[in-house]
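Observations on chain architecture
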Amino acid sequence: STMFTNKDVKTELAKHKDVLTKFTRSKAGQSNLLKCIETFAPSLGDQLKKQLPVLLKEFYDADILVEEFIVQWHDKECADAAVKAASGPFVTWLKE
């Protein structure tokens with residue numbers, strides 16, 4: 001399974017932030033990135049619960065994904081039960 005750290009994610013986001021920021025300016029872009037994450041997340045295997053919140057938080061902290069769309073995706077659009085469960089604690093934190 002794929003393992004990454006906060007530092008790995010930060011490094012990659014820094015490299016690609018300009019493109020990702022342009023891509024996610026619109027609601028459709030935010031939605032598409034979240035769908036990509038949802039598609040990728042199962043490849044994390046047994047690390048899903050630990051790694052998905054790290055990934056989402058780094059995208060959020062880098063201002064690539066915004067709270068409104070993360071919550072909407074989690075609550076209404078995410079079809080993968082395991083991904084929804086793994087992202088739940090981060091979404092709960094956002095809502096508080």
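Placed above this text is the structure.
These figures come from a predicted structure and were not determined experimentally.

Here the focus is the packing of helix α2 (residues 27-40) against helix α4 (residues 67-77). The N-to-C vectors of α2 and α4 enclose an angle of 60 degrees; their axes lie 10 Å apart at closest approach. With respect to α4, the element α2 is oriented oblique. For the pair α2 and α4, the crossing hand works out as right-handed. Contact residues: K27, Q30, S31, L34 and E38 in α2; F69, I70, Q72, W73 and E77 in α4.

Turning our eyes to something else, we now look at unusual backbone geometry. At D63, a position not held by glycine, the phi torsion is positive, near 60 degrees. Within the secondary structure, D63 sits in the loop between α3 (48-61) and α4.

Attention shifts here to the side chain of Q30. By the secondary structure assignment, Q30 is in helix α2. A polar contact is formed between the side chain of Q30 and the backbone nitrogen of V66, at a distance of 3.0 Å. When sequence neighbours within four positions are dropped, the list of residues in contact with Q30 reads T24, I64, L65, V66 and F69.

In a disulfide, the sulfur atoms of two cysteines are covalently bonded to one another. Throughout the structure, instances matching the rule amount to 0 disulfides. With no disulfide of its own, C36 lies closest to C78 among cysteine sulfurs, the gap being 13 Å. The class for C36 is partly exposed, based on a relative accessible area of 46%. The exposure class of C78 is buried, given its relative accessible area of 8%.

Below, the discussion takes up helix α5 (residues 81-95). Helix length check: α5 (15 residues) gives 20 Å between terminal C-alpha atoms against 21 Å at 1.5 Å per residue, within 8%. Taken as a whole, α5 carries its principal kink of about 45 degrees at G88; the proline P89 stands between one and four residues after it. For α5, the complete set of buried residues consists of V83, A86, S87, G88, F90, V91 and L94. Contacts made by the buried residues of α5 are with α2, α3 and α4. Sitting at the head of α5, D80 places a side-chain oxygen 3.0 Å from the backbone nitrogen of A82.

With that settled, consider the pattern of salt bridges. Scanning the model with the defined rule gives 3 salt bridges in all. Note that D61 and K57 form a salt bridge whose closest N and O atoms lie 2.6 Å from each other. On the criterion of helical spacing, the pair formed by D61 and K57 is a turn pair, its members being 4 residues apart in helix α3. What makes D61 partly exposed here is its relative accessible area of 40%.

Calculation notes
- Residues numbered from 1 in each chain as written.
- Predicted model: local features only at pLDDT ≥ 70, side-chain atom pairs only at ≥ 80, totals over all residues.
- Heavy atoms only, no water.
- Axes fitted to C-alpha atoms, helices over the stretch in contact; angles between N-to-C directions.
- Helix = DSSP H or I, 4+ residues; strand = E, 2+ residues; numbered from the N terminus.
- Parallel < 35°, antiparallel > 145°, perpendicular 65-115°, else oblique.
- Left-handed = near helix turned anticlockwise from the far one by under 90°.
- Contact = heavy atoms within 4.5 Å.
- Polar contact = N/O pair within 3.5 Å; in protein donor to acceptor, adjacent residues only side chain to side chain.
- Disulfide = S-S within 2.5 Å.
- Buried < 20%, exposed > 50% of the residue type's maximum accessible area, 1.4 Å probe, protein only.
- Expected span 1.5 Å × (residues − 1).
- Bend = angle between axes of the 7 residues up to and from the residue.
- Salt bridge = Lys/Arg side-chain N within 4 Å of Asp/Glu carboxyl O.

Scope: geometric values only; no functional claims are made or implied.
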